[in-house]
Amino acid sequence: MNINEIARIASLVGVPARANMLLALMDGRAYTAHELARIGGVSPQTASGHLSLLIEAELLVLLKQGRHRYHRLASREVAAMLEGIMQVAALGRKPPRVDTGPRDPGMRRVRMCYDHLGGRLGVAIADYLVAEQAIVLEPDGGALTGRLQTALAPMNLSFDGTQSVSSVPLCRPCLDWSERRFHIAGPLGRRICNHLLDNDYLRRRDAGRELSVTAKGATALSRWLGAERWAAV
């Protein structure tokens, strides 16, 4: 046990601005430095310094999505540590929330993210497949398991990973713009998206990335994902 390291981590978490940032990230989402500055009640410049220290201590990780940069908790162990601190401190207040992503409700619900699904539906599908142990989705990559075909079968959907180019990951995490949680990209994400569009579960609009859910799609997706998960979409 390294007492100095324990003291260092405790001192990092103990600063109110940093504590607010870390508690906000307990919702499993990722935030920009600007958003975390607002949550921490500090200037962007001060927040940048705080975040650098938290990344250096491996409490946070930096995710790059195109030209955007997001911060999230580095591991389940960090979340468990914060949960323990909250239980001991008996904190009764919630950290400030900020609006993220598009303001349009339809875009937040389901949209195209290049060639796969984003928005709450995309995240719900990822959550379902992870819960069914059909895929493993981590910040640094994704993998399929032998349970994938069983999890896809209720939608009459199959996925043949041998069709992919060997250098292309079959399943990879993509940080969702509005939900700030992972949805599924790569060949599997593209296959699911195309299947839902081809079978008229989802429809493209005339312009833009927003997709609409048909009545047929709502019934099928509710049965597949489960009523509780579908209600959150």
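Scroll up to find the structure this text is about.
The residue count restarts for each chain, going from 1 along the sequence in the order it is written. The predicted nature of this model means local features are confined to residues of pLDDT at least 70 and side-chain atom pairs, given and counted, to a pLDDT of 80 or more, with totals for whole chains, interfaces and linings taken over all residues. Values shown for side chains rest on all heavy atoms present in the structure; no hydrogens or waters enter the calculation.

Trainee: Looking at this structure, I do not really get the nonpolar core. What am I missing?
Mentor: Nonpolar side chains tend toward joint burial in soluble globular proteins. Counting residues in hydrophobic clusters, the biggest one holds 39 residues, and the most contacted among them are L121, I125, L129, I184, L188, L196 and W224. Here a strand is any run of E in DSSP of at least two residues, a helix any run of H or I of at least four, and the numbering for each starts at the N terminus. Contributing elements (two or more residues each) for this core: α7 (119-131), β5 (135-138), α8 (148-152), β8 (182-185), α9 (186-198) and α10 (215-225). When residues in this core are grouped by element, the largest group, 6 residues, is from α7. Any two residues having at least one pair of non-hydrogen atoms within 4.5 Å are treated as being in contact. When residues no more than four places from it in sequence are discounted, the contact partners of I184 are H116, I125, A126, L129, I135, L137, C171, R172 and G189. Buried residues of nine kinds, namely Ala, Val, Leu, Ile, Met, Phe, Trp, Tyr and Cys, make up a nonpolar core once their side-chain atoms join them within 4.5 Å. Partly exposed describes any residue whose relative accessible area lies between the buried limit of under 20% and the exposed limit of over 50%, with all areas from a 1.4 Å probe on protein chains only and scaled to the type maximum. Residues A37, L60, L73 and V98 belong to the second largest nonpolar core, which totals 21 residues.

Trainee: Before we go on, may I ask you to explain the packing of α7 against α10 in this structure?
Mentor: Between two packed helices, both the angle of their axes relative to each other and the distance between the axes serve to describe the pair. A fitted line through C-alpha atoms serves as each axis, taken over the contacting stretch for helices, and the angle formed by two N-to-C directions is quoted from 0 to 180°. Here α7 crosses α10 at 35°, and the two axes come no closer than 10 Å. Every residue of α10 that contacts α7 at L121, A124, I125, Y128 and L129 is listed here: L221, W224 and L225. Partitioned by chemical class, the residues of the contact of α7 with α10 number 8 nonpolar, no polar and no charged. Ten residues, namely Ala, Val, Leu, Ile, Met, Phe, Trp, Tyr, Cys and Pro, are considered nonpolar, four, namely Asp, Glu, Lys and Arg, are considered charged, and the remaining ones, Gly among them, are considered polar.

Trainee: Please clarify how the packing of helix α3 (residues 33-40) against helix α4 (residues 44-56) should be interpreted in this entry.
Mentor: Packing of α3 against α4 brings their axes to within 9 Å, and their N-to-C directions diverge by 100°. With respect to α4, the axis of α3 lies roughly perpendicular. Contact residues: α3 offers A33, H34, L36 and A37, while α4 offers P44, A47 and L51. A class-by-class count of the residues in the contact of α3 with α4 yields 6 nonpolar, 1 polar and no charged. Angles are sorted into four bins: roughly parallel if under 35 degrees, roughly antiparallel if over 145, roughly perpendicular if 65 to 115, and oblique for all others.

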